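Single-letter residue listing:
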Amino acid sequence: MEDPIKIDNRGDFGLWAIEVAKQIVSGEGFELARAARDGTDDEVRAAGNTLGQAITNALMEVYDGLLEGVEEN
């Protein structure tokens with residue numbers, strides 16, 4: 001998610017989505033699983049919120065990319 005990529009078609013988007021999902025699951029998903037196994041309710045809630053925020057950030061990143069070059073009215 002650091003370097004800009006060009007998404008020209010559905011296949012490109014699918015590859016981007018797979019890579020981002022792998023990154024999110026390997027980081028925040030692992031922390032949620034760890035918290036569910038060993039943590040308190042507050043730690044599980046915090047890890048779940050972090051996972052949700054990572055997903056939101058990824059979606060907003062691609063949305064912002066779709067708007068690049070579009071004129072505002």
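Above this note sits the structure.
Reading guide: rules and limits
Residues numbered from 1 in each chain as written. Predicted model: local features only at pLDDT ≥ 70, side-chain atom pairs only at ≥ 80, totals over all residues. Heavy atoms only, no water. Salt bridge = Lys/Arg side-chain N within 4 Å of Asp/Glu carboxyl O. Helix = DSSP H or I, 4+ residues; strand = E, 2+ residues; numbered from the N terminus. Buried < 20%, exposed > 50% of the residue type's maximum accessible area, 1.4 Å probe, protein only.

S.K.: So what's going on with the pattern of salt bridges? Residues and values would help.
M.R.: The full count for this structure, using the stated rule, is four salt bridges. Between Lys 22 and Glu 19 there is a salt bridge, with the nearest N and O atoms lying 3.2 Å from each other. Highlighted residues: Lys 22 and Glu 19, both in helix α1 (residues 10–38), separated by three residues, approximately one helical turn. Its relative accessible area of 41% is what places Glu 19 among the partly exposed residues. Taking the shortest distance from any N to any O, the salt bridge between Arg 34 and Glu 31 comes out at 3.1 Å. In this pair, Arg 34 and Glu 31 both sit in helix α1, three residues apart, roughly one turn of the helix. Residue Arg 34 is classed as partly exposed on the basis of its relative accessible area of 32%.

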